[in-house]
Amino acid sequence: PARDALSPAAWERLTGAYLHQWATNERLAAELRRLTLLLAAEDCPFLLLKGLHLALSYYGGSDRRGFTDLDLLVHPADVERTLA
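Quick caveat, the model's predicted, so the values are computed rather than measured.

Caption draft 1: Structural context of the nonpolar core. Residues Leu-28, Ala-29, Leu-32, Leu-52, Ala-55, Phe-67 and Leu-70 constitute the largest nonpolar core, which totals seven residues. Contributing elements (two or more residues each) for this core: helix 2 (8-41) and helix 3 (51-58). In terms of residue count, the dominant contributor to this core is helix 2 (three residues).

Encoded structure:
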């Protein structure tokens, strides 16, 4: 029903915005996989906050919620090691 309410040009812009955000989400998910391996190898536990976590846990998929960064929570004692 929403598509019928939009002009073809508006639908095209919306589709373009969705595809752009999807590509960003995929890039960040790949980066999170890389970080997870690095931090696990250094025994640095972390919690994933907001963004991807919310998209997967509450919205039903990584393409259902936009995000532009990764928010990780680490123990204060692990901050320097994590940044290194």
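Caption draft 2: Representation of helix 2 in the model. Taking 1.5 Å of rise per residue, the 34 residues of helix 2 would be expected to cover 50 Å, and the 50 Å separating its terminal C-alpha atoms lies within 8% of that figure. For helix 2, every residue scored as buried is listed here: Ala-10, Thr-24, Asn-25, Leu-28, Ala-29, Leu-32 and Leu-39.

Thresholds, definitions, all that
Residues numbered from 1 in each chain as written. Predicted model: local features only at pLDDT ≥ 70, side-chain atom pairs only at ≥ 80, totals over all residues. Heavy atoms only, no water. Core = buried A, V, L, I, M, F, W, Y, C linked by side-chain atoms within 4.5 Å. Buried < 20%, exposed > 50% of the residue type's maximum accessible area, 1.4 Å probe, protein only. Helix = DSSP H or I, 4+ residues; strand = E, 2+ residues; numbered from the N terminus. Expected span 1.5 Å × (residues − 1).

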